[in-house]
Amino acid sequence: MGFDVQIAHSVEEVGQEAWDRLAGDRPFASYRWYRFGEAVLADNLPIYIILSLDREAVARATFWLRRNEPVPMPAGPVRRLVEWLLRRWPLLVCQAPLADVPGLVLPDPPLRDEALTVIGQQALEQARHHGASFVVFVYLEEVETRWAGWPPTFASAELPEPGTRLTLAWPDFESYLASLSKKSRRQYRTNCQRAEEMGIRVKRHSLERPLDERTLDQALALIRNVEDFYRSPPFPWARATHERAGMVDALWLSAEIEGRLVGCSLMIGDRGAWRWLLLGRDYKVEYAYFQLAYETVRCAIEQGGRVLWGGTGSYETKRRLGFEVTKDHYAVFAGRSAWLQRVGHWLAREEEGRVQEPYGR
């Protein structure tokens, strides 16, 4: 069975009806979300591989040619090597934009494996054409890395720092609080009391109109505090994400003391799924983080959300809030040449050596 293959570089080339028909009700896969992603990631070339049978799209893989990929590794020789490689040869990453979910839409078996084989082959051709170093499929579960359809040149790796997710099964915030352990409820009351004593106020802001430049600059400085604290590379699209957030469901949360910004975070959503990201903190003000976390959950519930993605890190705090560790911290990759493939295998072994056991695994 042969697929018709289309290569597109924007959702407009595909059309909203065709795009959303294939996406179904998957979160972070809609036409609106990808228009937002293309606007934010304007310095990344989108490469969409779409497979059709009898003129009907049945599979899709969305890639981004990334020339400024943040390298989630500790400072050191391995990170410097990876940064050098990426400056010279970018990654071709299969991922939904600005979301920790795969960029794959596949048919059910037995068609799935055949579609995956064609997508993998096409992705390698695109990597060679655009001078990419590796083709990488991210945010996969372990069982997905074992599908028979992966071309033989592809290998898998377990990545450190899995994400977190809170399934929203409560009609209101009070019901959510009642579902927590006695210790977590007591801690909630204590944290709220301490925040009240310090004069911390959390506000939510619609982003139909972008933040003013002064406020955004203050927020970005707090976000950089968090990146410095965790020794993480700066997120290159932090400003653009805030500026374009009004294109999707979005709320910006600010923690303030007498009008002074001491904490912030962004919520962006699609089809009932929300992502909590770009946390900013003044580390001299301890309880602002907890108030932002509580308000994030409250907002997601009140917005009718089904799931809240919490990102990596702060695992113990998130466990007390009811988050679970996700199992989609695997990747499948292939180098565009034999020597890059060997480098990729070595880097995968280095990464697997760093995998730690967060709570609940």
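See the structure printed just above.
Attention in this report is confined to the structure presented alongside it. Nothing here was measured: the structure is a model prediction, and the numbers come from that model.

Calculation notes
- Residues numbered from 1 in each chain as written.
- Predicted model: local features only at pLDDT ≥ 70, side-chain atom pairs only at ≥ 80, totals over all residues.
- Heavy atoms only, no water.
- Helix = DSSP H or I, 4+ residues; strand = E, 2+ residues; numbered from the N terminus.
- Rg over C-alpha atoms; globule rule 2.2 N^0.38 Å.
- Buried < 20%, exposed > 50% of the residue type's maximum accessible area, 1.4 Å probe, protein only.
- Salt bridge = Lys/Arg side-chain N within 4 Å of Asp/Glu carboxyl O.
- Pairing = 2+ DSSP bridges.
- Core = buried A, V, L, I, M, F, W, Y, C linked by side-chain atoms within 4.5 Å.
- Contact = heavy atoms within 4.5 Å.
- Polar contact = N/O pair within 3.5 Å; in protein donor to acceptor, adjacent residues only side chain to side chain.
- Right-handed = clockwise from strand over helix to strand, strands pointing away.
- Axes fitted to C-alpha atoms, helices over the stretch in contact; angles between N-to-C directions.
- Parallel < 35°, antiparallel > 145°, perpendicular 65-115°, else oblique.
- Left-handed = near helix turned anticlockwise from the far one by under 90°.
- Nonpolar A, V, L, I, M, F, W, Y, C, P; charged D, E, K, R; others polar.

Turning our attention to the overall build of the protein. Across its full length, the protein carries twelve helices and 15 strands. Taken against the 2.2 N^0.38 rule, which gives 21 Å for 361 residues, the C-alpha radius of gyration of the protein at 21 Å falls within 12% of a compact globule. In terms of overall dimensions, the protein has C-alpha extents of about 65 × 45 × 40 Å along its principal axes. Taken over 361 residues, the protein has a buried fraction of 55%.

Let's shift gears to the environment of Q16. Mapped onto the elements, Q16 comes out in helix α2 (residues 16–23). For Q16, a relative accessible area of 47% corresponds to the partly exposed category. For the pair Q16 and L216, spaced 200 residues apart in sequence, the C-alpha separation works out to 32 Å.

For the structure on display, the rule yields 20 salt bridges. A salt bridge links E256 to K203, with the shortest nitrogen-to-oxygen separation between them at 3.4 Å. A residue pair is termed long-range when its members are at least 10 positions apart, and E256 in strand β10 (residues 249–257) and K203 in strand β9 (residues 200–206) qualify at 53 residues. The exposure class of K203 is partly exposed, given its relative accessible area of 41%. A salt bridge links R224 to D228, with the nearest nitrogen and oxygen atoms 3.0 Å apart. Here D228 and R224 lie together in helix α8 (residues 213–229), a separation of four residues that amounts to about one turn. Exposure remark for R224: the relative accessible area of 30% places this residue in the partly exposed category. Overall, the relative accessible area of 43% leaves D228 in the partly exposed class. Linked by salt bridges that have partners in common, E174, R204, E295, R298 and E302 make up one network.

The two faces of strand β8 (residues 164–167) differ: T164 and L166 on one face are buried, but R165 and T167 on the other face are not. Relative to strand β14 (residues 324–325), β8 runs antiparallel, the two being bridged by two bridges. Note on β14: the bridge partner recorded for R165 is E324. Direction of pairing for β8 relative to strand β13 (residues 307–309): antiparallel, over a ladder of three bridges. Following the sheet pairing, R165 is matched in β13 by W309.

Before going further, it helps to examine the nonpolar core. In terms of nonpolar packing, the biggest core is built from 38 residues, with F28, W33, Y34, W252, L266 and I268 touching the most fellow members. Listed by contribution, the elements that provide at least two residues to this core are α3 (31–40), α8, β10, β11 (260–270), β12 (273–281) and β13. Residues within four places of Y34 in sequence aside, it is in contact with V11, W19, F28, A29, Y48, T62, W64, Q95, A96, P97 and G103. Among the nonpolar cores identified, the runner-up in size contains 33 residues, and L251, A255, W274 and L321 belong to it.

As a further point, take the side chain of R66. On the secondary structure map, R66 appears in strand β3 (residues 56–66). At 3.1 Å, the side chain of R66 and the side chain of Q95 are in polar contact.

Before going further, it helps to examine the pairing of β12. Within a regular beta strand, the side chains point alternately toward one face of the sheet and then the other, so they alternate between its two faces. In terms of burial, β12 is largely enclosed, as nine of its nine residues are buried. Where β11 and β12 come together, seven bridges link them in antiparallel fashion. Counted as the bridge partner of C264 is G280 from β12. Read from β12 through helix α10 (residues 288–302) to β13, the crossover connection turns out right-handed.

Glancing now at α3. For α3, the buried fraction is high: seven of the ten residues fall into the buried class. Every buried residue of α3 is accounted for by Y31, W33, Y34, F36, G37, E38 and V40. Lining the buried residues of α3 we find α1 (11–14), α2, β2 (45–53), β3, α9 (238–244) and β11.

A few words now on the packing of helix α7 (residues 182–198) against α10. Two numbers describe how α7 lies on α10: the axes approach to 10 Å, and their chain directions differ by 120°. The pairing of α7 with α10 is recorded here as oblique in orientation. As for how α7 packs across α10, the hand of that crossing is left-handed. On α10, the residues that touch Q187, Y188, N191, C192 and A195 of α7 are F290, Q291, Y294 and R298. When grouped by side-chain class, the residues that make up the contact of α7 with α10 number five nonpolar, three polar and one charged.

With an omega of 5°, the peptide bond between P109 and P110 qualifies as cis. Checked against the element boundaries, P110 lands in the loop between β5 (104–105) and α5 (111–130). We note that D54 has phi near 50°; this positive angle belongs to a residue other than glycine. Within the secondary structure, D54 sits in the loop between β2 and β3. Given the relative accessible area of 79%, D54 is considered exposed. You will see that Y139, though not glycine, has its phi angle at about 60°, which is positive. Of note, Y139 is situated in strand β6 (residues 134–140).

Such coordinate-based values are descriptive only and should not be taken to indicate function.
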